[in-house]
Amino acid sequence: MVFLKTILVILLIYYGLKILVKMFAPKIFGYAAKKTEEHFKEKFGEFVQQNPRNEERVGDVIIDKKPSANKTSKNNTSEKVGDYIDFEEID
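Just so it is clear, the structure is predicted and the values come from calculations on it, not from any experiment.

Conventions adopted
Residues numbered from 1 in each chain as written. Predicted model: local features only at pLDDT ≥ 70, side-chain atom pairs only at ≥ 80, totals over all residues. Heavy atoms only, no water. Helix = DSSP H or I, 4+ residues; strand = E, 2+ residues; numbered from the N terminus. Buried < 20%, exposed > 50% of the residue type's maximum accessible area, 1.4 Å probe, protein only. Areas by Shrake-Rupley, 256 points an atom, 1.4 Å probe, with all protein chains shown as cover. Salt bridge = Lys/Arg side-chain N within 4 Å of Asp/Glu carboxyl O. Patch = residues over 30% accessible without salt bridge, like charges linked within 9 Å, V, L, I, M, F, W, Y side chains within 5 Å. Phe/Tyr/Trp six-rings, centres within 6.5 Å; stacked < 30°, edge-to-face > 60°.

**Student:** I'm lost on the overall build of the chain in this one. Help?
**Tutor:** Looking only at helices and strands, the chain has one helix and zero strands in total. Expressed as a percentage of the 91 residues in the chain, the buried residues total 0%. When the accessible surface of the chain is summed, it comes to about 9800 Å², and 62% of that surface belongs to carbon and sulfur atoms.

What follows is the structure, encoded as structure tokens:
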């Protein structure tokens, strides 16, 4: 009889926890998502304050390409788009 009582208590606790998790999991995940969003906004705000967009940083590559007046010749390969960078493979 004690064995059946133990099994019954275990099953009641299992199903009770299962029901509680179904009820409170969306609220817990919503709270966690909100906190994560606030954390990312805070970090992004720090990043924007440290690196303003209007000043150039060392190592930035800027390619200025003026639109051509003659739109009919799309295969013109003599247009200068940017500098050629030769990458070397490092072992």
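**Student:** Just checking my understanding: could you explain the pattern of salt bridges for this structure?
**Tutor:** Between side chains of opposite charge, pairing is possible as soon as their charged atoms come close. Evaluated as defined, the whole model comprises two salt bridges. Among the salt bridges present, the one from lysine 35 reaches glutamate 38, with a minimum N-O distance of 3.9 Å. Placement of both lysine 35 and glutamate 38 in helix 1 (residues 2-50) is noted, with a separation of three residues, approximately one turn of the helix. A salt bridge links glutamate 37 to lysine 41, with the shortest nitrogen-to-oxygen separation between them at 3.3 Å. Of this pair, glutamate 37 and lysine 41 both sit in helix 1, separated by four residues, roughly a single helical turn. Overall, glutamate 37 belongs to the partly exposed group, its relative accessible area being 44%.

**Student:** Sorry, what's going on with the environment of lysine 65 here?
**Tutor:** Tracing the chain through its elements places lysine 65 in the segment after helix 1. For the pair lysine 65 and glycine 82, spaced 17 residues apart in the sequence, the C-alpha separation amounts to 8.2 Å.

**Student:** What exactly am I supposed to notice about a nonpolar patch on the surface here?
**Tutor:** A cluster of nonpolar side chains, Val9, Ile13, Leu17, Ile19, Leu20, Met23, Phe24 and Ile28, forms an exposed patch at the surface whose accessible area comes to about 770 Å². On the secondary structure map, phenylalanine 24 appears in helix 1. On the basis of relative accessible area, phenylalanine 24 is assigned to the partly exposed category, the value being 39%.

**Student:** For this particular structure, what's the right way to read the packing of aromatic side chains?
**Tutor:** For any two aromatic rings, the description comes down to two numbers: the centre-to-centre distance and the angle of the planes. Within this structure, the stated rule accounts for one aromatic pair. Ring centres of tyrosine 14 and tyrosine 15 lie 5.1 Å apart, and the angle between their planes is 75°; on these two criteria the pair is classed as edge-to-face. A residue is classified by how much of its surface remains accessible, and tyrosine 14, at 47% relative accessible area, is partly exposed. For tyrosine 15, a relative accessible area of 46% translates into the label partly exposed.

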